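Secondary and tertiary structure notes
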Amino acid sequence: MALQLRPNCEYCDKDLPPDATDARICSFECTFCADCVETKLHNVCPNCGGGFVPRPIRPAKEWRQGLCVATRSPSSTRVHLSYGHDDIAALSQRIRNIPPEDR
Ligand SMILES: [Zn+2]
Ligand SMILES: [Zn+2]
């Protein structure tokens, strides 16, 4: 199973192509931009409560057979929030001071 490499930030809908350096994912691959993770979510995933890490960049060049962006296409399905901004802010407020490894 490869990462889906979802195409956008769930919060602000910014495009996050496979080579974006500001894409962040949680363990379930909920995907957000670095700015939203920092300023809106405070490292709390609104869908699962976990923390985020930078999403790895899938190589554009086929260094190894069959393993590059062209042969293993990123997802084209845009994902949008299933919670309101107030709800998300409240969850973040409750969880943000607990380190991800203790959540
Ligand atoms: Zn965003
Ligand atoms: Zn999540």
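1. Brief notes about the coordination of the zinc ion (ligand 1)
- Coordination of the zinc ion (ligand 1) by the protein is provided by Cys9 (SG), Cys12 (SG), Cys33 (SG) and Cys36 (SG), with metal-donor distances spanning 2.3 to 2.4 Å.
- Donor residues for the zinc ion (ligand 1) sit on one chain with the sequence pattern C-x2-C-x20-C-x2-C. Taken together, the residues Cys12 in the segment before strand S1 (23-25) and Cys36 in helix H1 (residues 34-41) connect sequence positions 24 residues apart.
- The exposure class of Cys12 is partly exposed, given its relative accessible area of 42%.
- For Cys36, a relative accessible area of 3% translates into the label buried.

2. A few points about the side chain of Arg24
- Counting through the fold element by element, Arg24 comes out in strand S1.
- Among buried Asp, Glu, Lys and Arg side chains, Arg24 stands out as unpaired, with Glu38 the closest opposite charge at 6.2 Å.
- From its side chain, Arg24 meets the backbone oxygen of Thr21 in a polar contact 3.2 Å long.
- Among all residues touching Arg24, those that are not within four sequence positions of it are Cys30, Thr31, Phe32, Cys33, Ala34, Val37, Phe52, Val53, Pro54 and Arg55.

3. Regarding the sheet that holds strand S3 (residues 53-54)
- Read from one edge of the open sheet, three strands run S2-S1-S3, paired in antiparallel fashion. Each of the sheet's edge strands pairs with one partner strand only, and the pair in question is strand S2 (31-33) and S3.
- Here S1 pairs with S2 via three bridges, running antiparallel. By the bridge assignment for S2, Ala23 is matched with Cys33.
- Sitting on the sheet, H1 is in contact with S1 and S2, with an inclination near 85° to S2.

4. Things to note about the coordination of the zinc ion (ligand 2)
- Distances from the zinc ion (ligand 2) to its protein donors, Cys26 (SG), Cys30 (SG), Cys45 (SG) and Cys48 (SG), fall within 2.3 to 2.7 Å.
- One can describe the site at the zinc ion (ligand 2) as irregular: its four donor atoms subtend angles covering 84 to 153° at the metal.
- Going along the chain, you hit the donors of the zinc ion (ligand 2) in the pattern C-x3-C-x14-C-x2-C. One end of the pair, Cys30, is in the loop between S1 and S2; the other, Cys48, is in the loop between H1 and S3, and 18 residues separate them in sequence.
- We classify Cys30 as buried; its relative accessible area is 6%.

Calculation rules
- Residues numbered from 1 in each chain as written.
- Chains lettered and ligands numbered in written order.
- Predicted model: local features only at pLDDT ≥ 70, side-chain atom pairs only at ≥ 80, totals over all residues.
- Heavy atoms only, no water.
- Donors = N, O, S within 2.8 Å, 3.2 Å for Na, K, Ca; no water.
- Helix = DSSP H or I, 4+ residues; strand = E, 2+ residues; numbered from the N terminus.
- Buried < 20%, exposed > 50% of the residue type's maximum accessible area, 1.4 Å probe, protein only.
- Lys, Arg positive; Asp, Glu negative; His and termini not counted.
- Salt bridge = Lys/Arg side-chain N within 4 Å of Asp/Glu carboxyl O.
- Polar contact = N/O pair within 3.5 Å; in protein donor to acceptor, adjacent residues only side chain to side chain.
- Contact = heavy atoms within 4.5 Å.
- Pairing = 2+ DSSP bridges.
- Axes fitted to C-alpha atoms, helices over the stretch in contact; angles between N-to-C directions.
- Tetrahedral: all angles 85-135°; square planar, octahedral: opposite > 155°, others 65-115°.

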